[in-house]
Structure formats: C-alpha cells, structure tokens
Amino acid sequence: MESISMPGGCACGAVRYSLKAPPMFVHCCYCKDCQRQTGSAFVINGIVETGMIELESGTLATTQMPTESGRGHEIFRCSDCLVPLWSNYGRRPHLRFLRLTTLDDATQFPPDVHIYLRSKLPWVQIPDGAKAFRAYYDTEKVWPPQSLARRYAAAK
C-alpha cells in the first residue's frame, strides 16, 4: 500500500488530520441521507482503513444517524464548527468514509463510482463513461483486487 501524508481539516481549523494512504475506493453518493446530512446534492466519500486517518489536533463529536438500510451511521464532526469529517457506516469500526472535500487538496481522488442515482437531483449531470448505479453495487465485482485485499485485511 502506498504511504502518503495528505492534510485536511474542518472549516474553523480546530480539527486537523492527515490521511496516510489513498482511499481504497471513492463514492460519489446521491442518496437522500447524504443530501440531507451535507445540505448538498451529493457527498464524495473515500473509503479508508480507520488507522489511515491520523487526528493531529482538535476534538471530535460523534453524531448517531439513522439510515435507509437500518444499519446505522456515525458521523465524526469537529466539536466546534460541527463540520462532518468522516463516517462509520453500518457499524464497521475498521473502515471510515472520509469526506474527501475536507482534504486541503480535494482534487487527488475523483469518484470511482456514482451511487444511489435513484435519488439524484435531476439537474446534476454524471460524467460520460462514469460507473454509475441506481442504488448500491456488488463490491466484489466493482472494486479492484488490491482494494478488496485492503478491505479484507482491515476487517481482521
């Protein structure tokens, strides 16, 4: 696995973190939950091992959120400005869904897939040729082998 050190943080600057490895996979999610929780048309989440996010300063507040799946969702926010930084979806403590737009340079990791298009706002355009799914997808079929290997190793 490639080692990196990419800084990121919240809007007020109280929380600073460093991403230590590239995401295993990147979602652009258009589900209603993401729309409500971000106040936007979608969210860009990079899936990483929990240990690949190093908190350097600040305090996090955890918010418990319901989801359509019923599996639950924890959002980790700056305790001062409440900007969401990453999430734990589905009670998988070994994985984090990092809000990639909280990186100082958010341009490095474009989406691998666009998901939950069934609730995409009609004026949002998906790039030609992008992998796109009406709901979720079969991870085993879509993720590259090296990303699957990281995911399995993280779950141990």
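These numbers come from a predicted model, not from an experiment.

Undergrad: How would you sum up the packing of aromatic side chains? Please name residues and give values.
TA: For any two aromatic rings, the description comes down to two numbers: the centre-to-centre distance and the angle of the planes. Tallied over the entire structure, the rule returns 8 aromatic pairs. Between Phe-25 and Tyr-137, the ring centres sit 6.0 Å apart and the planes meet at 45°, which makes this aromatic pair tilted. Taken together, the positions of Phe-25 in strand S3 (residues 25-29) and Tyr-137 in the loop between strand S10 (113-115) and helix H2 (139-142) put the pair 112 residues apart, joining distant regions of the chain. With respect to class, Phe-25 is no different from Tyr-137; both count as buried. Summarising the aromatic geometry, the rings of Tyr-89 and Phe-97 are spaced 4.6 Å apart at their centres and angled 75° between planes, so their arrangement reads as edge-to-face.

Undergrad: I'd like to hear about the environment of Met-65, residue by residue, with values.
TA: Along the chain, Met-65 falls in strand S6 (residues 60-65). For Met-65, a relative accessible area of 23% puts it in the partly exposed group. Along the chain, Met-65 and Tyr-89 lie 24 residues apart, while their C-alpha atoms are 9.5 Å from each other. Residues within four places of Met-65 in sequence aside, it is in contact with Gln-37, Gly-72, His-73 and Ile-75.

Undergrad: I'd like to hear about the pairing of strand S2 (residues 16-19), residue by residue, with values.
TA: One ladder, built from 4 bridges, connects strand S1 (residues 6-9) with S2; its direction is antiparallel. Each residue of the ladder has a partner; that of Gly-9, found in S2, is Arg-16. In textbook terms, the turn of a hairpin is the stretch between consecutive antiparallel strands, and for S1 and S2 this stretch comprises 6 residues, one of which, Gly-13, has a positive phi near 90°. Bridge analysis of S2 against strand S5 (residues 53-57) gives 4 bridges, and the strand direction is antiparallel. Considered in S5, the bridge of Leu-19 is made with Ile-53.

Undergrad: Outline the nonpolar core, listing residues and values.
TA: Judged by nonpolar contacts, the single largest core of 22 residues is most densely connected at Leu-19 and Phe-109. Excluding anything up to four places from it in sequence, Phe-109 contacts Ile-4, Met-6, Leu-19, Pro-22, Pro-23, Val-26, Leu-100 and Leu-103. Residues Met-24, Cys-29, Phe-97 and Val-142 belong to the second largest nonpolar core, which totals 17 residues.

Undergrad: Residues and numbers for helix H3 (residues 145-155), please.
TA: Among the residues making up H3, those that are buried are Ser-147, Leu-148, Arg-150 and Ala-154. Angular distribution of buried residues about the axis of H3 spans 160°; they occupy a single face of the element. Exposed and facing more than 90 degrees away from the buried side of H3 are Pro-145 and Gln-146. Residues of H3 that are buried make contact with strand S4 (43-49), strand S9 (95-99) and H2.

Undergrad: Please provide a residue-by-residue account of the pattern of salt bridges, values included.
TA: Counted according to the given criterion, the structure contains 5 salt bridges. Between Asp-104 and Arg-16 there is a salt bridge; the shortest N-O distance is 2.6 Å. One end of the pair, Asp-104, is in the loop between S9 and S10; the other, Arg-16, is in strand S2, with 88 residues separating them in the sequence. For Asp-104, a relative accessible area of 49% translates into the label partly exposed. Salt-bridge contacts for Asp-33 lead to Arg-36; the nearest nitrogen and oxygen are separated by 3.9 Å. Of this pair, Asp-33 and Arg-36 are both found in helix H1 (residues 32-38), 3 residues apart, which corresponds to roughly one turn of the helix. Residue Asp-33 is classed as buried on the basis of its relative accessible area, which comes to 16%.

Undergrad: Describe the side chain of His-27, with residues and values.
TA: Looking at where His-27 falls in the secondary structure, it is placed in strand S3. For His-27, a relative accessible area of 2% corresponds to the buried category. A polar atom in the side chain of His-27 sits 2.5 Å from the side chain of Tyr-137. The contact partners of His-27, leaving out residues within four places of it in the chain, are Val-43, Ile-44, Asn-45, Ile-47, Phe-97, Val-113, Ile-115, Tyr-136 and Tyr-137.

The rules behind these values
Residues numbered from 1 in each chain as written. Predicted model: local features only at pLDDT ≥ 70, side-chain atom pairs only at ≥ 80, totals over all residues. Heavy atoms only, no water. Phe/Tyr/Trp six-rings, centres within 6.5 Å; stacked < 30°, edge-to-face > 60°. Helix = DSSP H or I, 4+ residues; strand = E, 2+ residues; numbered from the N terminus. Buried < 20%, exposed > 50% of the residue type's maximum accessible area, 1.4 Å probe, protein only. Contact = heavy atoms within 4.5 Å. Pairing = 2+ DSSP bridges. Core = buried A, V, L, I, M, F, W, Y, C linked by side-chain atoms within 4.5 Å. Arc of directions from axis to C-beta. Salt bridge = Lys/Arg side-chain N within 4 Å of Asp/Glu carboxyl O. Polar contact = N/O pair within 3.5 Å; in protein donor to acceptor, adjacent residues only side chain to side chain.

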